[in-house]
Amino acid sequence: MENRYKIVVYGGAGQVGYHSALLTATSIGDIPTNLVLVDLPKTKEKLEGLEQKIKECSAAFGNNINVSQVTNDKEEDLTDALKDADIIVNAAGFPRGTTVKIGKKTVKIETRDQLNEFNAPITMGIANDVGQYAPKAVFLQVANQTDTQTGIAYRIFWRYSKSRNKVISVNHLDQARLISAIGDELGFEYSQIYAPIGGTHDNNIVPFYSLVEAYGASVLFNNTEKEKITQRVKNGGSWMINKLRNSSEAEPGAVVASIIRAMLEPTKYKNQIFDLGIYLGSEWGYKGAVMGLPCTVTLEHGAKLIKKPENLKLEEINGLNAALKHSKEMYEPMKPLVNDFLEK
């Protein structure tokens, strides 16, 4: 029997989940893969339609992929979907700008603190299911606030699997935005830019300007260029909302697809560097929270941090210290929710 990878996308009927699935399906070529979309029962018809869309797009590329979908109300179907899964993509959650009804009141989710509050129960439930039925899978957290939600998923997942490196915050969108901003500002081809970044997926990003290269040579930035590029990366999400009246969808999907492609083709992409967050034990001298840092990624080991560069600037080190502190502060209000869940 042909050995096939299995990828399960939670939030498959949402725009980020759908784009993650679609761009994965169309970018992995002839790698034998089973792709499963998972979402709420009320999305059943939409899931069926998206399943067919992905099938037809994959057929257009001649890719070797099977696509299916399940709703999360049928335990037997969900268990079967998760069994032997290699990669879980968690795109399930409320995006910014969503209006949620609580009793007789309505609340518009506008801040990252609100995102964490409303998305935490979703993340905990999914991490628990994955931990039970697919404990060896790589868990890619996409729904925001991704650093905090990854910390939540990590603590739930720890009951079933002790691998910190396999519960991953997909902060790589910041790196994609950084490469795009540098290329546009300085006139470089994106493919010729090496631009690592760290920090949390919010205003506490830390571009490592001291490490940036283009065409194999170091790049020097003046303060005006650094400020302009950094602000573009920080404001990328809000800029998109203002322009399109919607949050980013295709971009995080493309980021997920690029990470999955690297895991499924480790020889070809073994040297590709991604901005990924794991719960830090002592890596780079940081511990006790989730924060993005430059990593390679494999199915076997998950995210592996590159060796800490010796030539980081003081402002970059200070930025990482601030980002770690911020990550801990964001997670702190979530502790009671996680502890209550673990005690059930």
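S.K.: An account of the overall build of the protein chain is needed here, citing residue identities and associated values.
M.R.: Helix and strand content of the protein chain: twelve helices and 16 strands. Relative to the compact-globule value of 20 Å for 344 residues, the protein chain shows a C-alpha radius of gyration of 19 Å, a close match. Projected onto its principal axes, the C-alpha positions of the protein chain cover 55 × 50 × 40 Å. Counting only carbon and sulfur atoms, one obtains 50% of the accessible surface of the protein chain, whose full area is about 16100 Å². Placing the 40 positive and 40 negative side-chain charges of the protein chain at their respective mean positions leaves the two points 3 Å apart.

S.K.: Would you mind going over helix α5 (residues 146-157) in detail, with residue names and values included?
M.R.: Its twelve residues give α5 an end-to-end C-alpha distance of 16 Å, which sits within 8% of 16 Å, the value for a rise of 1.5 Å per residue. Within α5, eleven of the twelve residues are buried, which leaves it mostly tucked inside the rest of the structure. Of the positions making up α5, those classed as buried are Thr146, Asp147, Thr148, Gln149, Thr150, Gly151, Ile152, Ala153, Tyr154, Ile156 and Phe157.

S.K.: Lay out the sheet that holds strand β12 (residues 213-214) with the relevant residues and their values.
M.R.: The sheet built from three strands is open, its strands ordered β9-β12-β13 with antiparallel pairing. Whereas interior strands pair on both sides, the edge strands pair on one side only; in this sheet they are β9 (193-194) and β13 (217-218).

S.K.: If you had to explain the packing of aromatic side chains to someone new, which residues and values would you point to?
M.R.: By the definition in use, this model includes seven aromatic pairs. Ring geometry for Tyr154 and Tyr279: centres 4.5 Å apart, planes at 10°, overall stacked. Of this pair, Tyr154 sits in helix α5 while Tyr279 sits in strand β14 (residues 274-279), and the two are 125 residues apart along the sequence. Accessibility assignment for this pair places Tyr154 and Tyr279 in one class, buried. Centroid distance Phe208 to Trp284: 6.0 Å. Interplanar angle 40°. Geometry classified as tilted. With Phe208 in the loop between β11 (205-207) and β12 and Trp284 in the loop between β14 and β15 (290-298), this pair connects stretches of sequence that are 76 residues apart. By relative accessible area, which is 9% here, Trp284 ends up buried. A connected cluster of aromatic rings, assembled from ring pairs, spans Tyr154, Trp158 and Tyr279. Over the aromatic face of Tyr331 sits the side chain of Arg155, whose NZ or CZ is 3.9 Å from the ring centroid.

S.K.: Lay out the environment of Glu310 with the relevant residues and their values.
M.R.: Mapped onto the elements, Glu310 comes out in the loop between β16 (302-305) and α11 (314-331). Glu310 sits in the exposed class, given a relative accessible area of 77%. Separated by 108 residues in the primary sequence, Glu310 and Asp202 have C-alpha atoms spaced 25 Å apart.

S.K.: Outline the nonpolar core, supporting the account with residue identities and numerical values.
M.R.: Ile54, Ile87, Val89, Leu140, Ile259, Ile260 and Met263 are the most contacted members of the largest nonpolar core, which has 55 residues in total. A total of seven residues in this core trace back to one element, the largest contributor, which is helix α9 (residues 250-264). Non-local contacts of Val89, meaning those with residues more than four positions away in its chain, are made with Ile7, Val8, Val9, Tyr10, Ser20, Leu140, Val142, Val256 and Ile260. Val8, Leu78, Val130 and Tyr331 belong to the second largest nonpolar core, which has 31 residues in total.

S.K.: Can you explain the pairing of strand β5 (residues 99-102)? Please cite residues and give values.
M.R.: As defined by bridge partners, β5 adjoins strand β6 (residues 105-108) across four bridges and the pair is classed as antiparallel. Considered in β6, the bridge of Val100 is made with Val107.

S.K.: So, the pattern of salt bridges: which residues are in play, and what are the values?
M.R.: One pass over the full model with this rule turns up seven salt bridges. In this structure, the salt-bridge partner of Glu283 is Arg164, at a minimum N-O distance of 2.9 Å. Within this pair, whereas Glu283 is found in the loop between β14 and β15, its partner Arg164 is found in the loop between α5 and β8 (167-170), the two being separated by 119 residues in sequence. Of the charged contacts, one joins Lys228 and Glu185 as a salt bridge, the two residues approaching to 3.2 Å between their closest N and O atoms. Of the two residues, Lys228 sits in helix α7 (residues 223-234) while Glu185 sits in helix α6 (residues 172-186), which places them 43 residues apart along the sequence.

Procedures and definitions
- Residues numbered from 1 in each chain as written.
- Predicted model: local features only at pLDDT ≥ 70, side-chain atom pairs only at ≥ 80, totals over all residues.
- Heavy atoms only, no water.
- Helix = DSSP H or I, 4+ residues; strand = E, 2+ residues; numbered from the N terminus.
- Rg over C-alpha atoms; globule rule 2.2 N^0.38 Å.
- Areas by Shrake-Rupley, 256 points an atom, 1.4 Å probe, with all protein chains shown as cover.
- Lys, Arg positive; Asp, Glu negative; His and termini not counted.
- Charge placed at Lys NZ, Arg CZ, Asp CG, Glu CD.
- Expected span 1.5 Å × (residues − 1).
- Buried < 20%, exposed > 50% of the residue type's maximum accessible area, 1.4 Å probe, protein only.
- Pairing = 2+ DSSP bridges.
- Phe/Tyr/Trp six-rings, centres within 6.5 Å; stacked < 30°, edge-to-face > 60°.
- Lys NZ or Arg CZ within 6 Å of the ring centre and 35° of its normal.
- Core = buried A, V, L, I, M, F, W, Y, C linked by side-chain atoms within 4.5 Å.
- Contact = heavy atoms within 4.5 Å.
- Salt bridge = Lys/Arg side-chain N within 4 Å of Asp/Glu carboxyl O.

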